[in-house]
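As a plain string of letters, each chain reads:
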Amino acid sequence: MQIIKPAIAGTTESSDVQIMVSPNNGNGIEINLNSIVKAQFGDSILETVKEVLEAFDVKDAIIQIQDKGAFDWVIRARMQAALCRGSETPFDWKQVE
Amino acid sequence: MNENFSFCEYYPQLISTDRELIKAFLASHELGYENDIEYACGFEDLHGNLVACGCCGKNILKGFAVDSALRGNNFMSRMISQLVSNRFQNGITHLFVFTKPENMEFFEASGFYPLAVTTMAAMLENKASGIEHYLKSLKIEARNNKNIGAIVMNCNPFTLGHRYLIEYAAGKCDELYIFVVEEDRSVFPFDVRFSLVQKGVSDLPNVKVYPSGPYIISNQTFPTYFLKKNEDAVSIQAELDLTLFAERIANPLNIHTRFVGEEPICAVTKCYNQIMKRIMPKYGIHVEEIPRKTGSDGCVISASLVRSKLAQLSPGEWLRQYVPEVTYAYLCSEDAHRIMK
């Protein structure tokens, strides 16, 4: 999947996460994580984000994460939505678990 | 969120009651209203009174106020989120905020990153290391031991005055970088201004022309709504712009000297140059002010002079005393004719 335009999903309200993806043609993945629980769950958030990137086969993207203590499945859903918007791919509810 | 407050959206350019509501609320917080506000959101209490609002226009979020008794309800975060979503829906994704330094934390908690901070104002953008990506996109090779100079110019349009300043500066340093202001609030569009400069200096081997990106803060973009009446908007804007240039552009690129044309007429530009001489040396950058070139009629050649003459006269031979061949050819073209109309 190719990220062709900046896109955003989520909010910065408590228990949510706002994820912004932007194109990074040929320059790989760059992840910028801000989280109120970074010390406790930073690694786990990054793991989730990388998993979604792999599942969608995204090779080049800048990912900015503004986390307000979202659950793992919220992070996953916001990532999926942001990637679909940024690549102008309609979201396939059947394909994604 | 508190049940006593409802989240509301406003369209001040379309609905006059929305405009009056926002205007009055901002005024009650001693903030000015700006006419380019396209969209606003906020919270109303059970009686329909506005208690918090945030606004945006083009790529700038502004006009934030929250009633002091209600701070701590996380209204800011909800409003910033909503404004960012609204801008993305309108296809505007690189966003900026100007605010007082003490309010920066609200924006930093909502995905904004500081670009420049002075005692009076701060500027943030929603891209992490956006300016580093911009510098990388210029593809400038690192040159540590060379004497590098820079000029920031609007070139609206490129004149013999610009050419004179560039030639003089190019003679004083090993490499000269020209940053052409990218923001399109000028008569001539950026691509035209940029290509005229590029063609107009192509004979000077040590001069490189670059787009400024969104990182030059002009007095047209700088919102003044958050300043109190007695504060001097011109000098606050100049300080912020020059700090951004020195700290985030000139220092990483090893620029040693910033050249600027002397300003004999315009008070705003004069003040800007004055502040430049105060701020640049703090970052180890030398400022050199160069006397302006005068035309055969004895007047200082400036782009504004050319524009005001063009408003009265059709392009012709008279232009040659003010502009180089490339600009002359362009101004006589069909393309220019259409733009000036």
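Residues numbered from 1 in each chain as written. Chains lettered and ligands numbered in written order. Predicted model: local features only at pLDDT ≥ 70, side-chain atom pairs only at ≥ 80, totals over all residues. Heavy atoms only, no water.

1. Regarding the overall build of chain B
Along its length, chain B carries eleven helices and twelve strands. Over its C-alpha atoms chain B spans a radius of gyration of 22 Å, differing by no more than 12% from the 20 Å that the globule rule assigns to 341 residues. Seen through its principal axes, chain B has C-alpha atoms that stretch 70 × 50 × 35 Å. Burial status across chain B gives 54% buried among its 341 residues. Here the contacts in chain B between residues at least 6 apart in sequence split such that 68% fall between residues at least 24 apart. Carbon together with sulfur atoms contributes 50% to the accessible area of chain B, which is approximately 15400 Å² in total. Charge-centre separation for chain B: the mean point of 34 positive side chains lies 5 Å from the mean point of 39 negative side chains. (Helix = DSSP H or I, 4+ residues; strand = E, 2+ residues; numbered from the N terminus. Rg over C-alpha atoms; globule rule 2.2 N^0.38 Å. Buried < 20%, exposed > 50% of the residue type's maximum accessible area, 1.4 Å probe, protein only. Contact = heavy atoms within 4.5 Å. Areas by Shrake-Rupley, 256 points an atom, 1.4 Å probe, with all protein chains shown as cover. Lys, Arg positive; Asp, Glu negative; His and termini not counted. Charge placed at Lys NZ, Arg CZ, Asp CG, Glu CD.)

2. A look at the environment of Thr294 of chain B
All names here are of chain B. Structurally, Thr294 is set in the loop between β12 (286-290) and α9 (303-312). Once the C-alpha coordinates of Thr294 and Pro211 are considered, the two residues, 83 residues apart in sequence, prove to be 27 Å apart. With near-sequence residues (within four places) excluded, Thr294 lies in contact with Cys299, Val300 and Ile301.

3. Re the pattern of salt bridges
Under the counting rule described, the total for this entry stands at 21 salt bridges over all chains. Close ionic contact of Asp72 of chain A with Arg76 of chain A constitutes a salt bridge, the shortest N to O distance being 3.5 Å. Of this pair, Asp72 of chain A and Arg76 of chain A both sit in helix α2 (residues 72-86), four residues apart, roughly one helical turn. The residue Glu288 of chain B makes a salt bridge to Lys172 of chain B at a minimum N-O spacing of 3.3 Å. Pair noted here: Glu288 of chain B is in strand β12 and Lys172 of chain B is in the loop between α5 (160-170) and β9 (175-180), with a separation of 116 residues, a long-range link. By relative accessible area, Glu288 of chain B is classed as buried at 16%. Within the structure, one salt-bridge network assembled from shared partners comprises Glu51, Asp72 and Arg76 of chain A. (Salt bridge = Lys/Arg side-chain N within 4 Å of Asp/Glu carboxyl O.)

4. A word on helix α6 (residues 190-200) of chain B
Among the residues making up α6 of chain B, those that are buried are Phe190, Val192, Arg193, Phe194, Leu196, Val197 and Gly200 of chain B. Contact partners of the buried residues in α6 of chain B: α5, β9, β10 (207-211) and α10 (325-331) of chain B.

5. Concerning the domain arrangement of chain B
Residue and element names in this part refer to chain B. Domain parsing of chain B yields domain 1 (5-127) and domain 2 (133-340). Centre-to-centre separation of domain 1 and domain 2, based on C-alpha positions: 32 Å. Counting residues at the interface gives 25 residues for domain 1 and 19 residues for domain 2. Buried surface at the junction of domain 1 and domain 2, summed over both partners, amounts to about 2000 Å²; 65% is from carbon and sulfur atoms. On inspection of domain 1 and its partner domain 2, the count reaches zero salt bridges. One can count three residue pairs in polar contact (both at pLDDT 80 or more) joining domain 1 with domain 2. Counting residues per element, the ones that place at least two in the side of domain 1 that touches domain 2 are β4 (60-66), β5 (96-99), β6 (113-117) and β7 (122-125). In terms of residue class, the side of domain 1 that touches domain 2 is built from 13 nonpolar, six polar and six charged. (Domains from an automatic or database assignment. Buried area = accessible area lost by both parts, 1.4 Å probe. Polar contact = N/O pair within 3.5 Å; in protein donor to acceptor, adjacent residues only side chain to side chain. Nonpolar A, V, L, I, M, F, W, Y, C, P; charged D, E, K, R; others polar.)

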